[in-house]
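Each chain, letter by letter, is given below.
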Amino acid sequence: MNIILLGPPGAGKGTQARRLVDERGMIQLSTGDMLREARTSGTPMGKQVAAVMDRGELVTDEIVIGLIAEKLDGDKAGGFIFDGFPRTLKQADALGQLLDGRGEKLDVVIEMQVDDEALVDRVSGRSTCGSCGEVYHDTTKPIPADGKCSVCGGTEFKRRADDNAESLKTRLFEYYKQTSPLIGYYYAKGHLRTVDGMGEIDAVAAEIKAVLG
Ligand code: ADP
Ligand code: ADP
Ligand code: ZN
């Protein structure tokens, strides 16, 4: 099964994707994670996108489509979870073509709905484990009291350079302008399912489970 998690920054896409990986053996393809990796390893592409990402603007379609195309040729396991991709109509068309060309199809697009005010809280409290990428939140999912990641025992946690109020404003604007048209696009194709992303992490996971069966 191949699915897209669609939603604004901080909606909980990464959090839910990781659960699906654990529970269903699916493969998470997060373009945000891939771009951050390219930055950390200092590749020419990583250097090229750094400032754009910190401002909260979108990286070019060519770059992210290229990243996804490479991954689709690898292990497919229980199917792909597209997390943070596609973000433009051009990316959505490209994904359709890439899947077609490999004899694959898209099964479901899950739109996660979260109010803007809640997104500010989510993003400003977010941190991730530096070793395994587990996502934490200062109040809703705190790092264990012993300071060790509950998944891998790691002790280094990172905050994202773009998780500040100014960048979030730009990211939200970009979401409504460039990404939200995908809701109509996938509705028209019969792929769209909507879940309430405002509940607790377990409640959202249960809603997604009900959609995926
Ligand atoms: P969030 O968790 O806020 O939804 P991501 O980790 O998915 O953010 O993305 C972080 C940044 O990486 C984006 O603000 C954008 O600059 C870039 N990016 C990620 N995915 C894409 C994409 N599909 N198209 C263009 N830019 C992207
Ligand atoms: P996205 O990948 O959509 O940007 P994340 O999964 O990184 O979102 O979640 C953003 C922040 O909100 C993280 O700190 C995460 O721990 C927290 N979070 C995710 N889902 C929920 C939820 N349902 N309720 C409360 N906090 C959540
Ligand atoms: Zn960890």
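Data block above holds the structure.
What you see is a predicted model, and the numbers here were worked out from it, not measured in a lab. (Residues numbered from 1 in each chain as written. Chains lettered and ligands numbered in written order. Predicted model: local features only at pLDDT ≥ 70, side-chain atom pairs only at ≥ 80, totals over all residues. Heavy atoms only, no water.)

## Structural notes on a negative patch on the surface
Taken together, the side chains of Asp115, Glu117, Asp121, Asp196 and Glu207 define an acidic patch exposed on the protein surface. In this structure, Asp196 sits in strand E8 (residues 192-196). What makes Asp196 partly exposed here is its relative accessible area of 42%. (Patch = residues over 30% accessible without salt bridge, like charges linked within 9 Å, V, L, I, M, F, W, Y side chains within 5 Å. Areas by Shrake-Rupley, 256 points an atom, 1.4 Å probe, with all protein chains shown as cover. Salt bridge = Lys/Arg side-chain N within 4 Å of Asp/Glu carboxyl O. Lys, Arg positive; Asp, Glu negative; His and termini not counted. Charge placed at Lys NZ, Arg CZ, Asp CG, Glu CD. Helix = DSSP H or I, 4+ residues; strand = E, 2+ residues; numbered from the N terminus. Buried < 20%, exposed > 50% of the residue type's maximum accessible area, 1.4 Å probe, protein only.)

## Let's talk about empty space enclosed by the protein
Evaluation of the coordinates by the stated rule reveals one cavity of 30 Å³ or more. In this structure, the largest cavity encloses a volume near 50 Å³. Looking at the largest cavity, the residues that line it are Leu5, Leu6, Gly7, Lys13, Gly84, Phe85, Pro86, Arg87, Tyr175 and Thr179. Where the lining of the largest cavity is concerned, the elements lending two or more residues are strand E1 (3-6) and helix H7 (165-179). (1 Å grid on protein atoms, 1.4 Å probe; cavity = no way out; pocket = protein on both sides within 12 Å on 5 of 7 lines; lining within 4 Å. Points joined across faces, edges and corners; volume = space filled by probe spheres on them.)

## Regarding the site of ligand 2
For ligand 2, the set of nearby residues contains 18 residues, the closest of which are Gly10, Thr15, Arg126, Tyr136 and Gly199. A distance of 3.2 Å is found between an oxygen atom of ligand 2 and a backbone nitrogen or oxygen belonging to Ala11. Note that a nitrogen atom of ligand 2 is positioned 3.3 Å from one of the side-chain N or O atoms of Arg122. When ligand 2 sits alone it has 550 Å² of accessible area, and the protein chains cover 93% of it. Taken together, the elements giving at least two residues each to the shell around ligand 2 come down to helix H1 (13-24), strand E6 (135-137) and helix H9 (201-212). (Near = heavy atom within 4 Å. Polar contact = N/O pair within 3.5 Å; in protein donor to acceptor, adjacent residues only side chain to side chain.)

## Some points on the site of ligand 1
Contacts to ligand 1 come from 19 residues, most closely from Thr31, Arg36, Glu57, Gln91 and Arg171. Contact between ligand 1 and Lys13: an oxygen atom at 3.0 Å from a side-chain N or O atom of the residue. Here an oxygen atom of ligand 1 and a side-chain polar atom of Arg160 are 3.2 Å apart. Protein chains bury 97% of the 560 Å² of accessible surface belonging to ligand 1 in isolation. The greatest single-element share of the shell around ligand 1, amounting to four residues, is contributed by helix H2 (residues 31-40). Within the shell around ligand 1, the residues separate by chemical class into seven nonpolar, four polar and eight charged. (Nonpolar A, V, L, I, M, F, W, Y, C, P; charged D, E, K, R; others polar.)

## A word on the packing of H7 against helix H8 (residues 181-188)
Interhelical geometry of H7 versus H8 gives an angle of 35° and a closest axis separation of 5 Å. Every residue of H8 that contacts H7 at Tyr175, Tyr176, Lys177, Gln178 and Thr179 is listed here: Pro181, Leu182 and Ile183. Residues belonging to the contact of H7 with H8 are distributed by class as follows: five nonpolar, two polar and one charged. (Axes fitted to C-alpha atoms, helices over the stretch in contact; angles between N-to-C directions. Contact = heavy atoms within 4.5 Å.)

## So, the sheet that holds E1
Spatial strand order, E2-E3-E1-E4-E8: five strands in an open sheet with parallel pairing. Looking at strand neighbours, the two that pair on one side only are strand E2 (27-30) and E8, the edges of this open sheet. Neighbour-to-neighbour, the strand axes of this sheet turn through a mean angle of 25°, independent of strand direction. Of the strands in this sheet, E2 and strand E3 (80-83) touch helix H4 (residues 61-72), which is tilted by about 165° from E3. (Pairing = 2+ DSSP bridges.)

## Focus: the sheet that holds E6
Here we have three strands laid out as an open sheet, ordered E6-E5-E7, and antiparallel in their pairing. Because the sheet does not close on itself, it has two edges, and the strands there are E6 and strand E7 (157-158).

## Quick word on the coordination of the zinc ion (ligand 3)
Here the zinc ion (ligand 3) is held by Cys129 (SG), Cys132 (SG), Cys149 (SG) and Cys152 (SG), and the distances to it run 2.2 to 2.3 Å. Because the angles between the four donor atoms bound to the zinc ion (ligand 3) fall within 99 to 114°, the donor set is best described as tetrahedral. Positions of the donor residues of the zinc ion (ligand 3) along the chain correspond to the pattern C-x2-C-x16-C-x2-C. Of this pair, Cys129 sits in strand E5 (residues 126-129) while Cys152 sits in the loop between E6 and E7, and the two are 23 residues apart along the sequence. You can call Cys129 buried: its relative accessible area is 2%. For Cys152, a relative accessible area of 38% translates into the label partly exposed. (Donors = N, O, S within 2.8 Å, 3.2 Å for Na, K, Ca; no water. Tetrahedral: all angles 85-135°; square planar, octahedral: opposite > 155°, others 65-115°.)

## Describing the packing of aromatic side chains
Two numbers describe a pair of aromatic rings. These are the distance of the centres and the angle of the planes. This model, assessed by the stated rule, comprises five aromatic pairs. Both rings, one in Phe80 and one in Phe82, keep their centres 6.0 Å apart while their planes meet at 45°; by these two values the pair is tilted. Take Phe80 and Phe82: they sit in the same class, and that class is buried. Taking the centre distance of 5.6 Å and the plane angle of 85° together, the rings of Tyr136 and Phe157 count as edge-to-face. Separated by 21 residues along the polypeptide, Tyr136 in strand E6 and Phe157 in strand E7 bring together distant segments of the chain. Judged by its relative accessible area of 3%, Tyr136 is buried. Using a relative accessible area of 26% as the deciding quantity, one classes Phe157 as partly exposed. One Lys or Arg, Lys141, reaches over the ring of Tyr136 and ends 5.4 Å from the middle of that ring. (Phe/Tyr/Trp six-rings, centres within 6.5 Å; stacked < 30°, edge-to-face > 60°. Lys NZ or Arg CZ within 6 Å of the ring centre and 35° of its normal.)

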